[in-house]
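The lines below spell out each chain.
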Amino acid sequence: MAQTPQEPNAVDMLKKDHEDVTKLFEQFERAAAADRQPIANQIFSALDIHAALEEEIFYPAVREQVDFDEVMEEEELEGGGTATEEAETEEEADESDDIIAVSYQEHQMVKDLIKQLKTMDAQSSDYKERFAELKEAVLDHASEEEELIFPAAKLKLDVNALGNEMQQRRIALASSMAA
């Protein structure tokens, strides 16, 4: 009987993507200029798949099932929040409504940078500058997700069921990119 792999956890999958792309950015920076393009292409593909998984499956589930206001209130209660912090909490709550919308915007910015990079000479200084912008945008976005969205998702979502769905989609995306 074939051994079944452990059920994929959506949050762990996305965190692993973040780690993998961070390592690729480090490889890119260490590589000789002539060797950078294949690494850049790996980064672009990894980011394309990661963004598709988040936009098609993960973000809609978070948007549907996670109330960031509620999660923030729970954290306040656990952290022993006081009445004087209430005004701050209301401001944060207003911002929490837009967390997923901001994530979509950040994805679009990354896609736009990748589109520009694909038209540039990988050995030019402009390319290196634009690539540094891409790295910063990706790492900032990943950090925000890991601090805000992922903890809330773990509390409110069936991350294993979501992970299964994402794993199936990842396989389909990877095979369509390879074709």
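Bear in mind the structure is a predicted one, so any value in this text is a computation, not a measurement.

What counts as what
Residues numbered from 1 in each chain as written. Predicted model: local features only at pLDDT ≥ 70, side-chain atom pairs only at ≥ 80, totals over all residues. Heavy atoms only, no water. Axes fitted to C-alpha atoms, helices over the stretch in contact; angles between N-to-C directions. Helix = DSSP H or I, 4+ residues; strand = E, 2+ residues; numbered from the N terminus. Parallel < 35°, antiparallel > 145°, perpendicular 65-115°, else oblique. Left-handed = near helix turned anticlockwise from the far one by under 90°. Contact = heavy atoms within 4.5 Å. 1 Å grid on protein atoms, 1.4 Å probe; cavity = no way out; pocket = protein on both sides within 12 Å on 5 of 7 lines; lining within 4 Å. Points joined across faces, edges and corners; volume = space filled by probe spheres on them. Nonpolar A, V, L, I, M, F, W, Y, C, P; charged D, E, K, R; others polar. Salt bridge = Lys/Arg side-chain N within 4 Å of Asp/Glu carboxyl O. pLDDT = per-residue confidence, 0-100. Phe/Tyr/Trp six-rings, centres within 6.5 Å; stacked < 30°, edge-to-face > 60°. Buried < 20%, exposed > 50% of the residue type's maximum accessible area, 1.4 Å probe, protein only. Lys NZ or Arg CZ within 6 Å of the ring centre and 35° of its normal.

**Examining the packing of helix H5 (residues 99-118) against helix H6 (residues 125-156)**
Between H5 and H6, whose axes approach to 10 Å, the crossing angle comes to 160°. Taken as axis vectors, H5 and H6 run roughly antiparallel relative to one another. Where H5 crosses over H6, the two elements pack in a sense that is left-handed. Contact residues: H5 offers Ile99, Ile100, Ser103, Glu106, His107, Met109, Val110, Leu113, Ile114, Gln116 and Leu117, while H6 offers Tyr127, Arg130, Phe131, Glu133, Leu134, Ala137, Val138, His141, Glu144, Glu145 and Ile149.

**Focus on the layout of surface pockets**
There is about 240 Å³ of room inside the second largest pocket. For the second largest pocket, the lining is made up of 15 residues, of which Met13, Lys16, Asp17, Asp20 and Arg170 are closest to its centre. Top element by residues in the lining of the second largest pocket is helix H1 (residues 10-30). It accounts for seven residues. When the residues that make up the lining of the second largest pocket are grouped by side-chain class, the tally is seven nonpolar, three polar and five charged.

**Quick notes on the pattern of salt bridges**
One pass over the structure, following the stated rule, counts six salt bridges. Glu29 serves as the salt-bridge partner of Lys135, at 2.7 Å between the closest nitrogen and oxygen. Taken together, the residues Lys135 in helix H6 and Glu29 in helix H1 connect sequence positions 106 residues apart. Measuring nitrogen to oxygen at the nearest pair gives 2.5 Å for the salt bridge that ties Arg169 to Glu56. Highlighted residues: Arg169 in helix H7 (residues 159-178) and Glu56 in helix H2 (residues 36-65), separated in sequence by 113 residues.

**Remarks on the confidence of the model for the chain**
Predicted confidence across the chain gives a mean pLDDT of 85, with 80% of residues reaching 70 or more. H1 holds the highest mean pLDDT among the elements of the chain, 97, whereas helix H4 (residues 86-96) holds the lowest, 44. Ignoring residues within four places in sequence, the model shows residues 81-96, a span with pLDDT below 50, making nine contacts including any to other chains.

**So, the packing of aromatic side chains**
The final tally for this structure, using the stated rule, is eight aromatic pairs. A ring pair is formed by Phe25 and Phe131, whose centres lie 5.6 Å apart and whose planes are at 65°; its orientation type is edge-to-face. Taken as a pair, Phe25 in helix H1 and Phe131 in helix H6 lie far apart in primary sequence, 106 residues in all. In terms of burial, Phe25 and Phe131 fall into one category: buried. Stacked on the ring of Phe28, the Lys or Arg Arg36 has its end atom at 5.2 Å from the ring centre.

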